Amino acid sequence: MKNKSTSAHIVIVGAGFAGINTAKKLGNLAGIRITILDKNNYHLFQPLLYQVAMAGLSPAEIASPIRSILAKYDNIEINLGEVIAINPEEKFIETEFKKISFDYLVLACGASHSYFGRNEWEQFAPGMKTIEQATEIRRRVLTAFEIAEQLDSEKDQEKYLTFIVVGGGPTGVELSGSLCEIAYHTLNNEFKKIDPKKTKVILIEAGQRILASFSETLSNKAKEDLEQIGATIILNKRVDKISADGVWLGETLIPAKTVIWAAGVQPSKTGKYLNTPLDSVGRVIVEDSLNIKKYPYIFVIGDQSHCKDKFNKPLPGLAPVAIQQGIHTAKNICRALNKKDLLPFIYFDKGTMATIGKGRAISEYSGIKMRGKIAWLAWLFVHILYLIGFRNKFFVLCQWIWSYLTFGRGARLITKQDWRSNSD
Ligand SMILES: Cc1cc2nc3c(=O)[nH]c(=O)nc-3n(C[C@H](O)[C@H](O)[C@H](O)COP(=O)(O)OP(=O)(O)OC[C@H]3O[C@@H](n4cnc5c(N)ncnc54)[C@H](O)[C@@H]3O)c2cc1C
């Protein structure tokens, strides 16, 4: 490695799927030094967050310390902190602690959930993007059963034993399927007063079908599967209000003490710091080489980037898109340093998959459709493969085997002091 003054300084903001892959690809390359900044000290495997919320896995099993992932790269410095401003012209970012100058900037801050302007719903219906949110959902779900057990009136118990999930995308479907498994299998026989089998799991979707990104056949099969394991699915209904009493569809209230939001996402607000065009949802519009026209030394990748596919449609917010963009950005930075033209990003679509419950999933790749156990095994394999760290792969696999054999969920902990806070 060249000395500090002659090395190109690459600053990467965000150690999610996109940022961590750029860093790994540039790690230990001569003539480059990297600073990676993240507001958390860990890289989170978001696709398995719902298993933390549903008490199947513990947070540490789906998160790895950024320092340990990047420990072997001598040219990478890791900073814990949040970017609070960017000066794209003078080439520096600001954190709570200091200014960091860059030669190239990679912005990869991902997305958070969106309540479509109704942020007051968040307190009644938490979304699931972070470990804190997932453990809060776990607390609410487990607490609801505990409170129901202590109530005398069946009507009151019913409110606590009704769980509503808003949004029928992959996360909403995974949550609904897991809630059914908890209620009808895991907790069965564990309570004396209530019968967890009386639990209602209701999934509300505004569109005509759940899992709308899949073909109609697979989406209908997923609906059948989810109904078979006990969920009620309401389609074509938009939520009008959420409160401590439940969810309103028009004038009708569905009473429920636990509501989970899985309906919308919005890109990180850090894109606004660049003062360049954003799309209608707030993603930064980038060139096909993933950098910004006005500031070619700034790359924006992953969920917060608007990059078009070969059909001129924006690429979806998926882990494989972020991973491939991260790797591509590293290659383009090396090309820029060597005064070569940047290459356009071409997404290699590896297909999509969603799980519904034990032994039930759907997957689609290049027109090949799979469902049932084969799709479910493929889902397990892919998730273990992409999970970072041997320890995590090993423990998650063990948990899944145990859970498959017993329906057990090993992380059923109510950890907040004020454990009754979803009661009246
Ligand atoms: C519940 C859930 C389930 C999902 N399931 C799937 C799935 O099954 N398959 C699939 O392909 N995709 C799935 N996704 C989507 C996938 O996780 C995202 O597409 C992917 O994480 C995007 O990667 P990213 O690097 O752009 O952002 P992220 O992985 O979100 O990483 C962003 C990073 O930036 C950091 N950060 C944010 N703001 C700042 C700031 N101001 N300063 C410093 N650091 C900051 C964050 O801490 C984070 O580490 C799921 C997402 C969620 C939430």
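Just above sits the structure.
Below, the structure is looked at part by part. (Residues numbered from 1 in each chain as written. Predicted model: local features only at pLDDT ≥ 70, side-chain atom pairs only at ≥ 80, totals over all residues. Heavy atoms only, no water.)

## Remarks on the sheet that holds strand 8 (residues 99-101)
Spatially, the three strands line up as an open sheet ordered 6-7-8, and their pairing is antiparallel. Only two strands of the sheet have a single neighbouring strand rather than two, namely strand 6 (83-87) and strand 8. Neighbour-to-neighbour, the strand axes of the sheet open up by a mean angle of 20 degrees, direction not taken into account. Pairing of strand 7 (residues 92-95) with strand 8, which is carried by three bridges, proceeds in the antiparallel orientation. Across the sheet, residue Phe-92 finds its bridge partner in strand 8, namely Ser-101. (Pairing = 2+ DSSP bridges. Helix = DSSP H or I, 4+ residues; strand = E, 2+ residues; numbered from the N terminus. Axes fitted to C-alpha atoms, helices over the stretch in contact; angles between N-to-C directions.)

## Describing the site of the ligand
Near the ligand you find 29 residues, and of these Ala-18, Asp-38, Gln-46, Asp-303 and Ala-319 are the closest. The backbone of Ala-18 places a nitrogen or oxygen atom 2.9 Å from an oxygen atom of the ligand. A distance of 3.3 Å separates an oxygen atom of the ligand from a polar backbone atom of Leu-318. Starting from 1,000 Å² of accessible surface for the ligand in isolation, the protein chains cover 90%. Put simply, the parts of the chain that give the shell around the ligand at least two residues each are helix 1 (17-26) and helix 8 (319-337). Residue contributions to the shell around the ligand peak at three residues, all from helix 8. Its residues placed into classes, the shell around the ligand shows 13 nonpolar, 11 polar and five charged. Looking at which domains feed residues into the shell around the ligand, each of domain 1 (8-39 + 81-113 + 265-337) and domain 2 (119-263 + 351-406) gives three or more. (Near = heavy atom within 4 Å. Polar contact = N/O pair within 3.5 Å; in protein donor to acceptor, adjacent residues only side chain to side chain. Areas by Shrake-Rupley, 256 points an atom, 1.4 Å probe, with all protein chains shown as cover. Nonpolar A, V, L, I, M, F, W, Y, C, P; charged D, E, K, R; others polar. Domains from an automatic or database assignment.)

## Focus: the nonpolar core
With 111 residues, the main nonpolar core has Leu-70, Ile-93 and Phe-145 as its most contacted residues. It is helix 4 (residues 131-149) that provides the largest number of residues to this core, a total of eight residues. The two domains that each donate at least three residues to this core are domain 1 (8-39 + 81-113 + 265-337) and domain 2 (119-263 + 351-406). Of all hydrophobic cores here, the second largest spans 15 residues; its members include Ile-202, Val-239, Ile-242 and Val-247. (Core = buried A, V, L, I, M, F, W, Y, C linked by side-chain atoms within 4.5 Å. Buried < 20%, exposed > 50% of the residue type's maximum accessible area, 1.4 Å probe, protein only.)

## Considering the sheet that holds strand 1 (residues 8-13)
Pairing is parallel in the open sheet, where five strands are placed in the order 5-2-1-9-20. Edge positions in the sheet fall to strand 5 (76-80) and strand 20 (298-300), since each has one partner strand and no second. Direction aside, neighbouring strands of the sheet carry axes that sit 15 degrees apart on average. Bridge count for strand 2 (residues 32-38) against strand 5 is five bridges, and the pairing is parallel. Bridge assignment links Ile-36 to a residue of strand 5, and that residue is Ile-78. Docked against the sheet, helix 8 engages strand 1, strand 2, strand 9 (104-107) and strand 20, running at close to 170 degrees with respect to strand 9. (Contact = heavy atoms within 4.5 Å.)

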